[in-house]
Amino acid sequence: MTATQSVLQKKICMLGGFSVGKTSLVKRFVASVFSEAYLTTVGVKIDKKTVDLGDRTVNLILWDVAGEDDVSTLRMSYLRGSAGYVLVADWTRPSTLEVALSLRGRVEAELGALPFVLLLNKSDLQAQWAIDSAKMDELRQTGWSVRPSSARTGEGVEDAFTELAARVTAPQ
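Attention in this report is confined to the structure presented alongside it.

The rules we used
- Residues numbered from 1 in each chain as written.
- Predicted model: local features only at pLDDT ≥ 70, side-chain atom pairs only at ≥ 80, totals over all residues.
- Heavy atoms only, no water.
- Helix = DSSP H or I, 4+ residues; strand = E, 2+ residues; numbered from the N terminus.
- Buried < 20%, exposed > 50% of the residue type's maximum accessible area, 1.4 Å probe, protein only.
- Polar contact = N/O pair within 3.5 Å; in protein donor to acceptor, adjacent residues only side chain to side chain.
- Salt bridge = Lys/Arg side-chain N within 4 Å of Asp/Glu carboxyl O.
- Phe/Tyr/Trp six-rings, centres within 6.5 Å; stacked < 30°, edge-to-face > 60°.
- Lys NZ or Arg CZ within 6 Å of the ring centre and 35° of its normal.

Turning next to the overall build of the chain. Summing up its helical and strand segments, the chain has four helices and six strands in all. Going from the N terminus to the C terminus, the chain shows its helices and strands as β-α-β-β-β-α-β-α-β-α. In the chain, which comprises 172 residues, the share counted as buried stands at 46%.

Right, here's the structure in full:
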């Protein structure tokens, strides 16, 4: 960062169904750690990480919102002021992709179009994959950024957050 370069601050929300790995992805991104212990998020947990994009630096304020399988119970107040969001689905549970698709629809209806990336988490469990790759290709063809990820191995995590940081700070 140069002396004349300012640091931008952007709020990013983590959204997805129950137990898809949102908290684990945040821990992997922020602290480069993974734990097998499962901890349920109650309400929202906030973390921060600085991302250097070369020509600009961004402080991502990550709001890890409690997983909701019932989209109607998501507190939209948590999302207000967000610059973008990460949708997370569990590659081993197709129902979590449906939850993610519903969440995206609700966010867009309430807040308008915001930059987002869809992470198919648990890519390290390839033998258990239950979501058809054709569905992912279909979403990509509509302009979605769809990425495999693994909080356990770190696959795709840094790249996804860096991509989103670039998109939320890009000149309009």
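There's plenty left to go through after this.
Moving on to unusual backbone geometry. You will see that Ser19, though not glycine, has its phi angle at about 65°, which is positive. Structurally, Ser19 can be placed in the loop between strand S1 (7-16) and helix H1 (22-31). Owing to a relative accessible area of 24%, Ser19 belongs among the partly exposed residues under this scheme. Positive phi is not limited to glycine here, since Lys122 has a value of about 75°. Structurally, Lys122 is set in the loop between strand S5 (116-121) and helix H3 (133-141).

A few words on the side chain of Arg56. Take Arg56: it is sitting in the loop between strand S2 (44-52) and strand S3 (57-65). Owing to a relative accessible area of 17%, Arg56 belongs among the buried residues under this scheme. Polar side-chain contacts of Arg56 include one of 3.2 Å to the backbone oxygen of Ala166.

All right, on to the pattern of salt bridges then. In the structure shown here, the tally under the stated rule is eleven salt bridges. With a closest N to O distance of 2.8 Å, Arg104 and Glu108 form a salt bridge. One end of the pair is Arg104 and the other is Glu108, both in helix H2 (residues 94-111) and four residues apart, which spans about a single turn. Each member of the salt-bridge network shares a partner with another, and the members are Asp90, Arg93 and Lys122.

The next point concerns the packing of aromatic side chains. All told, the structure shown has four aromatic pairs when counted by the stated rule. Seen from their ring centres, Trp91 and Trp129 are 3.8 Å apart, and the 0° between their planes marks the pair as stacked. Placement of the pair is Trp91 in the loop between strand S4 (84-90) and H2 and Trp129 in the loop between S5 and H3, with a sequence separation of 38 residues. According to the relative accessible area criterion, Trp129 is partly exposed, its value standing at 33%. One aromatic cluster is present, built from ring pairs that chain together Tyr85, Phe116 and Trp144. Directly above the ring of Trp63 sits Lys11, whose terminal nitrogen or CZ lies 3.7 Å from the centroid. Sitting over the ring of Phe29, Lys49 keeps its end group 4.5 Å from the ring centre.

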